[in-house]
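This is what each chain is made of:
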Amino acid sequence: MTKTLAVLGSTGSIGVQALEVAQLMGFEVVALTANSRTDILEGQIRKFSPRFAAVADETAAADLKIKVADTSTKVLSGKAGVEECARCGADSVLNSIVGIAGLAPTLAAIETGSNIALANKETLVAGGKIVMDAAAKKGVAILPVDSEHSAIFQSLQGCQSKKQIKRLILTASGGPFFGKSREELSKVTLEQALKHPNWSMGAKITIDSATMMNKGLELIEAAWLFGMEAANIDILVHRQSIVHSLVEYIDNSVIAQLGVPDMRIPIQYALTYPDRFVSPVRQLDLAEAATLTFEKPDYETFSCINLCRRAFEKGGLFPAAVNAANEKANELFRCGKIGFLDIPRAVENAFDCVQNVSDYTLEQVFEADNAVRTATERLFR
Ligand code: NAD
Ligand code: MG
């Protein structure tokens, strides 16, 4: 059970909700980090008095240092500062940084022996083997914050052996464009893509939900977290986001976790596991929800899901490559520089940008990430 907590990416959607949970649970918040939003971070520092705070952007860090000079919080800067916060030795480090920027901090926290509450899925997609090996070596737990993975983790409680599991079923809301054709998708705007039907999240993951790349990333995340073959992980579109995911056992019994769509439930469970505590989240009223629907995804229109499946099956640096292409294309789409369907196009192109290797180092992951980002920019020039 967590007593001291570091929140990496504390100014984001998950970070802010994690601090709400921390306050409610009475955790001592020892470190906070952000990319650049010093206004929000200053407020958090005044509220939680962490020992350390880090801002990745150097100029913003200098600005924060002046703003909180009257407090006892030590302000660090740059990537190294964020990693130092990850190494603060907290019982739990909740990583809610967005993108591959979360990978090195995750490893830093694991090396220090802190348990990881992981929201930053790109960490496992790009560096899955390295992260899982490091965690096993150090004996630290990686507890999922992502709602689907938390649901699977909860549905696995009491499971004696992996042999009893037949498949994992990840649910997907389908995002704002479910049911649309490729022709219709070619015309969607950024504003439409940013309107998620059920969840309020950061911009990057909201676009990932619209392309359904998010479900592809989650498939890889689940494969690493639970040691499953991609072939034994299925996707089911469930528009209401009430059933957060399911585990099918070999006797065909299916266990699922349900709840209203609110990230404070999985965040809290990752920090209090194996205990449970009262939550401010609304209780689920199934009679009010009335109808729960399930259907197969349209894999042809939303091609990112199977591109991720293929990347995981090919192994090596391919997952890091599809992640990098998506991060770059997602950013270009948000800047209005490319169209919506250019995102799957970039993800597909990633397969031509890296070599097939069976084993890889962290340096190779970052090299592949850089190479694919450059290739993705070139694709749209
Ligand atoms: P967000 O954009 O709202 O917040 C991201 C945080 O990361 C911010 O604090 C930002 O300052 C920090 N950050 C960004 N770039 C950074 C960098 N280069 N170095 C250091 N810090 C940096 O994102 P979010 O929606 O909170 O998502 C965070 C992570 O959690 C993502 O990996 C996302 O896929 C995952 N996730 C989010 C949700 C959700 O409901 N928002 C649900 C499941 C999983
Ligand atoms: Mg999710």
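Heads up: these notes are all about the structure in this document. Source: prediction; values computed, not measured.

The next thing to look at is the coordination of the magnesium ion (ligand 2). Each protein donor to the magnesium ion (ligand 2) is listed here as Asp-146 (OD), Glu-148 (OE) and Glu-218 (OE); together their distances run 2.0 to 2.2 Å. Positions of the donor residues of the magnesium ion (ligand 2), expressed as sequence spacing, correspond to D-x1-E-x69-E. Remark: Glu-218 occurs in helix α11 (residues 213-226) and Glu-148 occurs in helix α7 (residues 147-155); sequence separation between them is 70 residues. Of the two residues examined, Glu-148 and Glu-218, each falls in the buried class.

Take the pairing of strand β6 (residues 115-118) next. In the sheet, strand β5 (residues 92-95) pairs with β6 via 4 bridges, with the strands oriented parallel. Within β6, the residue paired with Asn-95 across the bridge is Leu-118. Handedness of the crossover is the feature at issue here: the chain leaves β5, passes through helix α5 (residues 103-112), returns alongside β6, and the resulting connection is right-handed. Pairing analysis gives 3 bridges linking β6 to strand β7 (residues 142-144), with the strands arranged parallel. Bridge pairing in β7 places Leu-118 opposite Pro-144. In the classification by handedness, the crossover that spans β6, the intervening helix α6 (residues 121-138) and the parallel β7 is right-handed.

The phi angle of most residues is negative, glycine excepted, and most peptide bonds adopt the trans form. At the junction of Tyr-273 and Pro-274, the peptide bond is cis and its omega measures out at 5° in the coordinates. In this structure, Pro-274 sits in the loop between α12 (264-272) and α13 (286-289). Positive phi, normally seen in glycine, also occurs at Ser-241, with a value near 50°. Its location among the elements puts Ser-241 in the loop between β9 (233-237) and β10 (243-249). Judged by relative accessible area, Ser-241 falls into the buried class, the value being 5%. Positive phi, normally seen in glycine, also occurs at Ala-290, with a value near 60°. With respect to the helices and strands, Ala-290 occurs in the loop between α13 and α14 (304-314). By relative accessible area, which is 61% here, Ala-290 ends up exposed.

The rules we used
- Residues numbered from 1 in each chain as written.
- Chains lettered and ligands numbered in written order.
- Predicted model: local features only at pLDDT ≥ 70, side-chain atom pairs only at ≥ 80, totals over all residues.
- Heavy atoms only, no water.
- Donors = N, O, S within 2.8 Å, 3.2 Å for Na, K, Ca; no water.
- Helix = DSSP H or I, 4+ residues; strand = E, 2+ residues; numbered from the N terminus.
- Buried < 20%, exposed > 50% of the residue type's maximum accessible area, 1.4 Å probe, protein only.
- Pairing = 2+ DSSP bridges.
- Right-handed = clockwise from strand over helix to strand, strands pointing away.

Nothing here speaks to function; it is geometry throughout.
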